[in-house]
Amino acid sequence: MAGWLAVLAASVLGATTDTAVVALPASGQALFERQWQPARPDGGGDGLGPLYNAPSCGSCHSDATHGHGPLSDGVVPAALVITLEAASSEARTEPAGDPVYGHVFNSAAVEGVRAEGTVTVRYHELAGTYYPGGTRWKIRVPEYRFETLNYGPLATRTVIKPRLAPALFGVGLLEAVPDDAITRGAAGARLAWQWRHGARYLGRFGWQSASLSVRDQVTKAFANEMGLTTPDRAHDDCTGRQPCAEPPPGPPEVDEASVAALVEYVKSIEVPPATHAQEEDAEGRRIFAAIGCPNCHRPELPVERTAPDGTRVTGTISPYTDLQVHDLGHGMADRDSTGRVVPSRWRTAPLWGIGFRMSRPERPVFLHDGRARTVEEAVLWHLGEATSEQRLFGELSPYRRAILLHWLETL
Ligand code: HEC
Ligand code: HEC
């Protein structure tokens, strides 16, 4: 049993990560870390760009964890991608981008080509007080600014969608959750259905579940963030107003075998084990449940796959998500280029792996645009459908809130 299926089997059969025999597709891992090169006049190189954001998967998803988000004001880092979407993409097909800049604002370019420009972020602090107890809290509200726009203005209705590169832990497992485990009992608005080629698929990757599968997301990343074509996507993220509107001649820049190996590798990325002691686990879990967090962050989901030899592998994973999308209120919603709030629904972020993220030298940031500097700030931002759970969080005694936050930081 190869690759991610072995991980699935190991996870669901309760084997620890030490004992799981995982045959990683080595070339997939190499492709993940590979620094792709621009095309050369002599026909060499890989075809990176001409417009792009970063030359490798690993530069945004370093060690498969979340990308490094902004810790202070300044130019937004490469791992915080400014994606763009034409207003009113109600049809739920793959949405259109900005008419000039496309789906992703490309902050880098090959020699001789102008990058699309520069975006900066400024944070305003907002302070408040918990009741009871009177402990103060602070959150930071981001404000994005296009400092340079090298190809002219953005369309006024273009929605600005800053997105931090998420962790890739367990994406193969999330893909193995059957649709009906996600749709059962869910209101239609909470499901990220999309139509492609006349059939309906449930979106489940990306902060808004806009991608249907790991492969869908990976080939989008090649096209939009790296300027590399694949068998699935023959065009870079280039519009008629840019020096790359014509697709590069010849076969796809990344061939089928490479796409397949990379997807297989990404699906085999394991979930780091939680870092808490057992007695801490029980108490934190109780408080989490008592204030209703599992209404969205479901502690358990079923997984199901058929191995190439026909064996069915089933089991349970613990991702702390329902893989549904929820409205978390105006403060969290995207805005268009005139500053108008656009109603937005977010996929419940999986909480597994936070312990591992906290243990890394680079301080992690949270939420889709990395605005939250701590887990506590992330919870404070929950309004909209999560208003009552957020209120109950605020009403916890400082002692119980500390237990809950510590538990979340060890998942
Ligand atoms: C410039 C930064 C950047 C690069 C380069 C990049 N990604 Fe991403 N990745 C992102 C962002 C941002 C998202 C979230 C997209 C969204 O929410 O729409 C994402 C999402 C993903 C996801 C979905 C994870 C989930 O749980 O939803 C996968 C899988 C992924 N990337 C794999 C890759 C692979 C493989 C490559 C290399 C081919 C790659 N990425 C290159 C920034 C990047
Ligand atoms: C209505 C559904 C809902 C409820 C209830 C809810 N959450 Fe969330 N949670 C979300 C969504 C959606 C996101 C992703 C937000 C985004 O995309 O920025 C999220 C994100 C988070 C994150 C940030 C994860 C990351 O990696 O960025 C944490 C931590 C979190 N929630 C904790 C909690 C806690 C604790 C509770 C209970 C007080 C709770 N949530 C209740 C839907 C919910």
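Everything here concerns the structure above.
A short tour of the structure in this document, coming up. All values derive from a computational prediction rather than experimental measurement.

A look at the overall build of the chain
Okay, so step 1: Secondary structure summary: the chain contains twelve helices and 15 strands in total.
Okay, so step 2: Relative to the globule expectation of 22 Å for 411 residues, the C-alpha radius of gyration of the chain, 21 Å, shows essentially globular dimensions.
Okay, so step 3: Each of the three principal axes of the chain carries a C-alpha extent, and together these read 65 × 55 × 45 Å.
Okay, so step 4: Going through the 411 residues of the chain one by one, you find that 52% of them count as buried.
Okay, so step 5: Looking at the chain alone, contacts between residues at least 24 apart form 66% of all its contacts between residues at least 6 apart.

Some remarks on the pattern of salt bridges
Okay, so step 1: For the structure on display, the rule yields 24 salt bridges.
Okay, so step 2: The residue R391 makes a salt bridge to E395 at a minimum N-O spacing of 3.4 Å. A residue pair is termed a helical-turn pair when its members lie 3 or 4 positions apart in one helix, as R391 and E395 do in helix α11 (residues 387-395) at four residues.
Okay, so step 3: The class of R391 is partly exposed, set by a relative accessible area of 48%.

Side note on the coordination of the iron atom of ligand 2
Okay, so step 1: Within the protein, the iron atom of ligand 2 binds to H297 (NE2) and H382 (NE2); these donor distances fall in the range 2.0 Å.
Okay, so step 2: Coordination at the iron atom of ligand 2 is octahedral, judged from the six donor atoms that bind it and the angles of 87 to 180° they form at the metal. Remark: H382 occurs in the loop between α10 (375-380) and α11 and H297 occurs in the loop between α8 (278-290) and β10 (301-306); sequence separation between them is 85 residues.
Okay, so step 3: A relative accessible area of 11% places H297 in the buried class.

Focus on the nonpolar core
Okay, so step 1: Formed by 42 residues in total, the largest nonpolar core has its most connected members in W36, V177, F222, L262, V266 and I317.
Okay, so step 2: Counting residues per element, this core draws most heavily on helix α7 (residues 256-267), at six residues.
Okay, so step 3: Every residue in contact with W36, bar those within four places of it in the chain, is listed here: L31, D46, L48, P55, S56, F222, M226, L228 and V254.
Okay, so step 4: Listed in part, the 29 residues of the second largest apolar core include W207, V379, W381 and F393.

Focus: the sheet that holds strand β6 (residues 136-149)
Okay, so step 1: If you trace the three strands from one edge of the open sheet to the other, you get β2-β5-β6, paired in antiparallel fashion. Edge positions in the open sheet fall to β2 (74-75) and β6, since each of these has one partner strand only.

Focus on the coordination of the iron atom of ligand 1
Okay, so step 1: In this structure, the iron atom of ligand 1 receives exactly one donor atom from the protein: H61 (NE2), at 2.0 Å.
Okay, so step 2: Turning to its location among the elements, H61 is positioned in the loop between α3 (57-60) and β2.

With respect to the site of ligand 1
Okay, so step 1: The immediate surroundings of ligand 1 are formed by 26 residues, with C57, C60, H61, G206 and W207 found nearest.
Okay, so step 2: Take W207: an N or O atom from its main chain is 2.8 Å from an oxygen atom of ligand 1.
Okay, so step 3: Here the shell around ligand 1 takes six residues from helix α6 (residues 214-226), the largest share from any one element.
Okay, so step 4: Split by residue class, the shell around ligand 1 holds 18 nonpolar, five polar and three charged.

Brief notes about the packing of α6 against α7
Okay, so step 1: Running from amino to carboxyl end, α6 crosses α7 at an angle of 120°, the nearest separation of the two axes being 10 Å. Considering their axes alone, α6 and α7 lie oblique with respect to each other. Classified by chirality, the crossing of α7 by α6 is right-handed. On the side of α6, the interface is formed by V214, R215, V218, T219 and F222, while α7 contributes E256, V259, L262, V263, V266 and K267.
Okay, so step 2: In terms of residue class, the contact of α6 with α7 is made up of seven nonpolar, one polar and three charged.

With respect to the site of ligand 2
Okay, so step 1: As a structural note, the neighbourhood of ligand 2 is formed by 26 residues, with C293, C296, H297, H368 and H382 the closest of them.
Okay, so step 2: In this structure, H297 approaches ligand 2 through a side-chain N or O atom, which is 2.8 Å from a nitrogen atom.
Okay, so step 3: Note that an oxygen atom of ligand 2 is positioned 2.7 Å from one of the side-chain N or O atoms of H368.
Okay, so step 4: For the shell around ligand 2, the secondary structure elements donating two or more residues are β15 (346-347) and α10.
Okay, so step 5: Take the shell around ligand 2: its biggest share by element is three residues, from α10.
Okay, so step 6: Here the residues of the shell around ligand 2 sort into 16 nonpolar, six polar and four charged.

So, how was this worked out
- Residues numbered from 1 in each chain as written.
- Chains lettered and ligands numbered in written order.
- Predicted model: local features only at pLDDT ≥ 70, side-chain atom pairs only at ≥ 80, totals over all residues.
- Heavy atoms only, no water.
- Helix = DSSP H or I, 4+ residues; strand = E, 2+ residues; numbered from the N terminus.
- Rg over C-alpha atoms; globule rule 2.2 N^0.38 Å.
- Buried < 20%, exposed > 50% of the residue type's maximum accessible area, 1.4 Å probe, protein only.
- Contact = heavy atoms within 4.5 Å.
- Salt bridge = Lys/Arg side-chain N within 4 Å of Asp/Glu carboxyl O.
- Donors = N, O, S within 2.8 Å, 3.2 Å for Na, K, Ca; no water.
- Tetrahedral: all angles 85-135°; square planar, octahedral: opposite > 155°, others 65-115°.
- Core = buried A, V, L, I, M, F, W, Y, C linked by side-chain atoms within 4.5 Å.
- Pairing = 2+ DSSP bridges.
- Near = heavy atom within 4 Å.
- Polar contact = N/O pair within 3.5 Å; in protein donor to acceptor, adjacent residues only side chain to side chain.
- Nonpolar A, V, L, I, M, F, W, Y, C, P; charged D, E, K, R; others polar.
- Axes fitted to C-alpha atoms, helices over the stretch in contact; angles between N-to-C directions.
- Parallel < 35°, antiparallel > 145°, perpendicular 65-115°, else oblique.
- Left-handed = near helix turned anticlockwise from the far one by under 90°.

Geometric values such as these leave the question of function open.
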